[in-house]
Structures are given as structure tokens and as C-alpha cells.
Amino acid sequence: MIDSERCIGCKLCEVVCSVKKERVSDPSRSRIHVLFWEGEAGALPVFCQHCEEPLCALVCPVNAVKREESTGLIIPDRELCVGCGGCVSVCPLYGAGFDGIEKKALRCDLCQGDPTCVKYCPTGAIRFADRDQSQIDKKRAAARKLYPR
Amino acid sequence: MALPRKAAFVDLGSGRVEVREIPRPLRESFLGGRGIDMHLLYHLTETNLDTWDPGNILVLGAGVLAGTPAPLAAGAIHIGGRLPLTGLAGSLILGGFFGAELRFAGFDHLVIRGRAEGPVYLSVQDGKIETCDAAPFWDEDSLGAQGVIRDTLGEDNAQVLSVGTPGDGPTPLELRADAVHCREASELGLLMKSKNLKAVAVRGTMPIEIEDPDKALRCLGELMVHSPLPDAADQSGRDIIQKIYEDECLQALIDSLGIMKCSSDLLSPEMQQWELYGLLLEAVTGLRCRPSELMRTGERIFNQEQLFNIREGFTGAQRERLFKGHFFWGELWPKSW
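All values reported here derive from a predicted model rather than from experimental measurement.

## A look at the overall build of chain A
For step 1, the next point in the chain: On a plain count of helices and strands, chain A comes out with 5 helices and 7 strands.
For step 2, the next point in the chain: When the helices and strands of chain A are listed from N to C terminus, the series reads α-β-β-β-α-β-β-α-β-β-α-α.
For step 3, the next point in the chain: For 149 residues, the compact-globule estimate of 2.2 N^0.38 gives 15 Å, and the C-alpha radius of gyration of chain A, at 16 Å, lies within 12% of that figure.
For step 4, the next point in the chain: C-alpha extents for chain A along the principal axes are approximately 55 × 30 × 25 Å.
For step 5, the next point in the chain: Within chain A, contacts between residues at least 6 apart in sequence are counted, and of these 54% link residues at least 24 apart.

Dropping the structure here:
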């Protein structure tokens, strides 16, 4: 769950993600990316939202993008992936990543339920929440703006 | 092995680029960023050079923790050079992501010497350095030039360090790392312009190796949990001069690590954080560094800057009073390149 108003665009999440997953600091291969417009307020971290009807799975020519049965997450099969980049282009939420060195698709796997980016976010802009719960939380936050205390 | 990494020596006059590994003893003594920049400035600047001589160098240096799991991803860049009007050692830190991007492009330090024949800018991309024509936007301001360079390179993610354009008369010049990070730097700006250099653009997608990734993440986690703000009352009894000296040394250290300036509030020799930074440094780079040694490194870097000023004829009584510690560490970087 992202609170874009809190994000200061420091990009620490990109660094810790790549260190955790790739064992080197390489933001180009991180699973999370911070979209940041210089000189404008606010920044937006983007990552895979594990959609219910994933477009990336639809366009994958080799059916490498599948939902893991045990976790319900959308994870591309590295063995099958041919590195066409179709999933990156089609993702409406800019959440699909690409490993430019091994030429394979990358997805956030939520670090087995303990996301590294959440742990290190200095402003608490990234939070880990159940999707059903976060929906009502977002409604509450939006309503609070209309009806301040 | 996380270290050594590379420094590039660029001669704008001949267009020659030489890339060298940064020797480990230099790392151990001066870390990176402001530390190594000042060492290079001291040893590569010939004495008694004319103010506008092309032999004067401009050094850009990323901190040794830049682009690694350090608080707020450490992206600051240090700019050093002999100030043309006063002859002093110029030292400027600009925030933003330039330092981190420079490391992702494969270099920790850029040493720029000579004068280009016409207006140019340097383009650094994944280990390659090119000199490109800057004539079309030489008169643009620093922000405008950044936009033009990004469009020319087709790289929206490129980080650009650019210099402003002075208007009529003695107007100040600025150096700019991005839309937010911009500092008044007339003399460093003039030095940069005297080389016919409008900007340096960097874009990198190369990984930075980490000596012990798990330990680095653990240390970072602890650093972010412990964030005790200093109690002002604790420091009120100190000798003010000693405090200034310590702050200067600490700042030199922070600049060499490449971490955020606001970390200075959280970093002091009395605090646990200090020890954690030593551990983080070891985890990221493999450099063994005890907390006491870190403070000595800060002293060494600050003293090297003061040595430069003294050699150039500046011997203020106050400066000398601040000055302590050893005077000579020898030459850790070969003079000819």
C-alpha cells in the first residue's frame, strides 16, 4: 500500500530491494521503482500489484507469467521467460520490472510476506497491508480529507 | 570484493581519458568524496599555477557509501578545485542523485583538467566518457541546460551537473545538480566555465558490489531505528573552538561517506550511531574502520584542505589554532597521469 504524499523520493527502497534480491546495489534491477518528477512535489513508488486479471500473463508469448498457487502472487518463471519485455510494456501500473543483465522479467514477490522496502522506508510511505483491509483504510483516509477532525 | 573502484582522469584539451583504479591505501586514509577529492587536488595541482591556467583541475567525487544501503540512499556529489579568484581549496557538496548515478556509471571520481577548444559538456554513461558539443545551449541557465542535455541524450533519468550563466557585471554563478539542489558557487562555476565545460551528465545502470549485503541491511535497519536527536544541553559546555573543529572534521567525514547532511545531527562520537557507521562501512566496502579511526579520518581530510590553503599562502591565526593532528601522510596518488 502506497502513501504517495509521504514519499520523499529518496529511492532507498530501490537500493535495499536490489541488495536484498540481487546481492548488489543496482536500482535498474530492483522490483520497486520510484517515479519522480524533478521540481514537482511528490513521488510515486510503483511495483507489481498482483492483479486479479493480469495483463502481463495474457500477453506473455510463452506462458511464463503465472499465479503461484500457494501464495496467489504473479511470478514469472525465469526458465521459461524469453525476455521479450511484453509484460513491461503492457502493465498499466508500471509495476513489471526487467533484469537488463540476464534479460528476464522481474516481479515483486513481497519478500515472502516481509517486504524489505517497507522495513527501510524512512517516512513510512510504503506499508504492507491486506488488500481487503487496505481498501477500507484508503476510504477512511480519503473521507478524513473531506471531513477533517 | 566491493573495492577498488575507478577514477577517470579527463583532459579536455587533448580529449584523452585515463581510467584508474583507486588504490586501497588511499581509500583507507581518505574514504571517498571530499576526502579523496582533496587529496587529489593537493597532489595534482602544480604550485604557482596561473589562475586561469588549463592545468588547474576540477574534481568531482562520490562518497564511498553513495548508491549503497546508507541512510536516504546517499546521492550527494562533492565538487573540488582551486578557486580562481582567491586561490583557496574550493569544496562544495550538492545533494540529489548525481553522486549515486556517477557510481552506477562506473566511476567514483572524475578529475577534469585542460581547456576544451569550444563549449563542451561531458557525457558519462556506463563506463564510457564522451565530450559533446555544448555550443547550442552555452548561454542557457543551469536548469535549461539540464533539460536540453536530457533531451539530446534521450535519457530522462540522466543526472546533470550544470553551471549557470553570469549576466552583465559581477553576478553570482550557480552550480546545479537537479531542480532542487542548487548552490551559489561563483568561483567553482568560473573554474568550470574557464575549461569551456558547461555540464557533466551521468547515467548508469551498472551494479555496485556490496561486501556483505545482509550485514549492510542489518546495520541500515539499526541506523534507522536509532534516531536519537541530540540534546542541545549536552553540548553547551564545550569549548566553542573545539566544537567548530570537530564539526568541520565530522562534516568532512560525512562528505566523504556521501551521506545526507541531516545525518550530522544523528552522528556524533558519543553516540552508538558512530559505531554503526563503522560497521556499515565495513559491511559495504570491506574497509576495516574502528569508530576512533573514523574521526581521525575526518581530521585528516579537513587538515589536508587546510594544508592546501596554507601552501597557497593563507595562514590565518584562527585557522592555525583549529589545526591539529599530523601534517603529512605522504603521496598516495601518483603525481603524473
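## Side note on the sheet that holds strand β6 (residues 109-113) of chain B
Residue and element names in this part refer to chain B.
For step 1, the next point in the chain: Taken in spatial order, the 6 strands line up as β2-β1-β6-β3-β4-β5 in an open sheet, and their pairing is mixed. Each end of this open sheet is capped by a strand with a single partner; those strands are β2 (17-21) and β5 (89-94). Averaged over neighbouring strand pairs, the angle between their axes works out to 15 degrees when direction is ignored.
For step 2, the next point in the chain: Here strand β3 (residues 58-62) pairs with β6 via 4 bridges, running antiparallel. Across the sheet, residue G61 finds its bridge partner in β6, namely H109.

## What to know about the interface of chain A and chain B
For step 1, the next point in the chain: Facing the 18 residues of chain A at the interface are 19 residues of chain B.
For step 2, the next point in the chain: Those elements that provide at least two residues to the side of chain A that touches chain B are α1 (12-22), β1 (24-25) and α4 (116-120) of chain A.
For step 3, the next point in the chain: Considering each element in turn, the side of chain A that touches chain B owes the most residues, 5 residues, to α1(A).
For step 4, the next point in the chain: As paired elements, β1(A) and strand β13 (residues 208-209) of chain B share 2 bridges and run antiparallel to each other. Counterpart to V24(A) in the pairing with β13(B) is E209(B).

## Here's the deal with the domain arrangement of chain A
Residue and element names in this part refer to chain A.
For step 1, the next point in the chain: When its domains are assigned, chain A resolves into domain 1 (1-47 + 110-149) and domain 2 (48-107).
For step 2, the next point in the chain: On a C-alpha basis, the centres of domain 1 and domain 2 stand 20 Å from each other.
For step 3, the next point in the chain: In this complex, domain 1 contributes 7 residues to the contact, which on the side of domain 2 involves 11 residues.
For step 4, the next point in the chain: Classifying every residue of the side of domain 1 that touches domain 2 gives 4 nonpolar, 1 polar and 2 charged.

## What about unusual backbone geometry?
For step 1, the next point in the chain: The linkage connecting L3(B) with the following residue, P4(B), adopts the cis geometry, with an omega of 5 degrees.
For step 2, the next point in the chain: In this structure, P4(B) sits in the segment before β1 (6-11).
For step 3, the next point in the chain: The phi angle at L110(A) is positive, at roughly 55 degrees, despite the residue not being glycine.
For step 4, the next point in the chain: The class of L110(A) is partly exposed, set by 18 C-beta atoms lying within 10 Å.
For step 5, the next point in the chain: Although it is not a glycine, N196(B) adopts a positive phi angle of roughly 60 degrees.
For step 6, the next point in the chain: Tracing the chain through its elements places N196(B) in the loop between α5 (186-194) and β12 (197-203).
For step 7, the next point in the chain: Judged by C-beta crowding, with 20 C-beta atoms within 10 Å, N196(B) ranks as buried.

## Focus: helix α10 (residues 291-311) of chain B
For step 1, the next point in the chain: Taking 1.5 Å per residue, 21 residues should reach 30 Å; α10(B) reaches 31 Å between its end C-alpha atoms and fits that length.
For step 2, the next point in the chain: All of the buried residues along α10(B) are L294(B), T297(B), G298(B), E299(B), R300(B), I301(B), F302(B), N303(B), Q304(B), E305(B), Q306(B) and F308(B).

## Let's talk about the nonpolar core
For step 1, the next point in the chain: Counting residues in each nonpolar core, the largest one holds 118 residues, and the members touching the most others are C13(A), I77(B), A199(B), V200(B) and L280(B).
For step 2, the next point in the chain: Summarising the domain contributions, this core has at least three residues from each of domain 1 (1-47 + 110-149) and domain 2 (48-107) of chain A.
For step 3, the next point in the chain: Once you skip the residues sitting within four places of it in the chain, L280(B) turns out to touch A70(B), A216(B), C219(B), L220(B) and L223(B).

## Digging into the sheet that holds strand β11 (residues 182-184) of chain B
Residues and elements named next belong to chain B.
For step 1, the next point in the chain: Across the sheet, 6 strands lie side by side as β8-β7-β12-β9-β10-β11; this open sheet has mixed pairing. The open sheet terminates on both sides in strands that have one partner only, identified here as β8 (128-133) and β11. Going from strand to strand, the sheet's axes swing by 15 degrees on average, the running direction of each strand aside.
For step 2, the next point in the chain: Where strand β10 (residues 174-176) lies against β11, 3 bridges are found, and the strand directions are antiparallel. Bridged to E174 within β11 is E184.

Thresholds, definitions, all that
- Position numbers for residues start from 1 in each chain and track the written sequence from start to end.
- Going through the entries in the order they are written, you letter the chains from A and number the ligands from 1.
- In view of the model being predicted, local features appear only for residues whose pLDDT reaches at least 70, and side-chain atom pairs are presented and counted only at 80 or more, with totals across whole chains, interfaces and linings using the full set of residues.
- Helix numbering and strand numbering both begin at the N terminus, where a helix is a DSSP run of H or I of at least 4 residues and a strand a DSSP run of E of at least 2.
- Radius of gyration here uses only the C-alpha atoms, and the compact-globule reference equals 2.2 Å multiplied by the residue count raised to the power 0.38.
- Once C-beta atoms are placed from the backbone, any two residues with those atoms within 7 Å are in contact.
- Pairing between two strands is assigned when DSSP locates at least 2 bridges connecting them.
- Interaxial angle, 0 to 180 degrees, is taken between N-to-C directions of lines fitted to C-alpha atoms, where a helix line uses only the stretch in contact.
- Either an automatic procedure or a domain database provided the assignment from which the domain bounds are taken.
- Each residue is assigned to one class: nonpolar for Ala, Val, Leu, Ile, Met, Phe, Trp, Tyr, Cys and Pro, charged for Asp, Glu, Lys and Arg, and polar for all the others, Gly among them.
- Residue burial here comes from a neighbour count, namely the number of other C-beta atoms, placed from the backbone, that lie within 10 Å of the residue's own C-beta, with 20 or more meaning buried, 12 or fewer meaning exposed, and in between meaning partly exposed.
- Expected span, for any helix, means 1.5 Å times one less than how many residues it has.
- One nonpolar core equals one set of buried Ala, Val, Leu, Ile, Met, Phe, Trp, Tyr and Cys residues connected by C-beta atoms within 7 Å.

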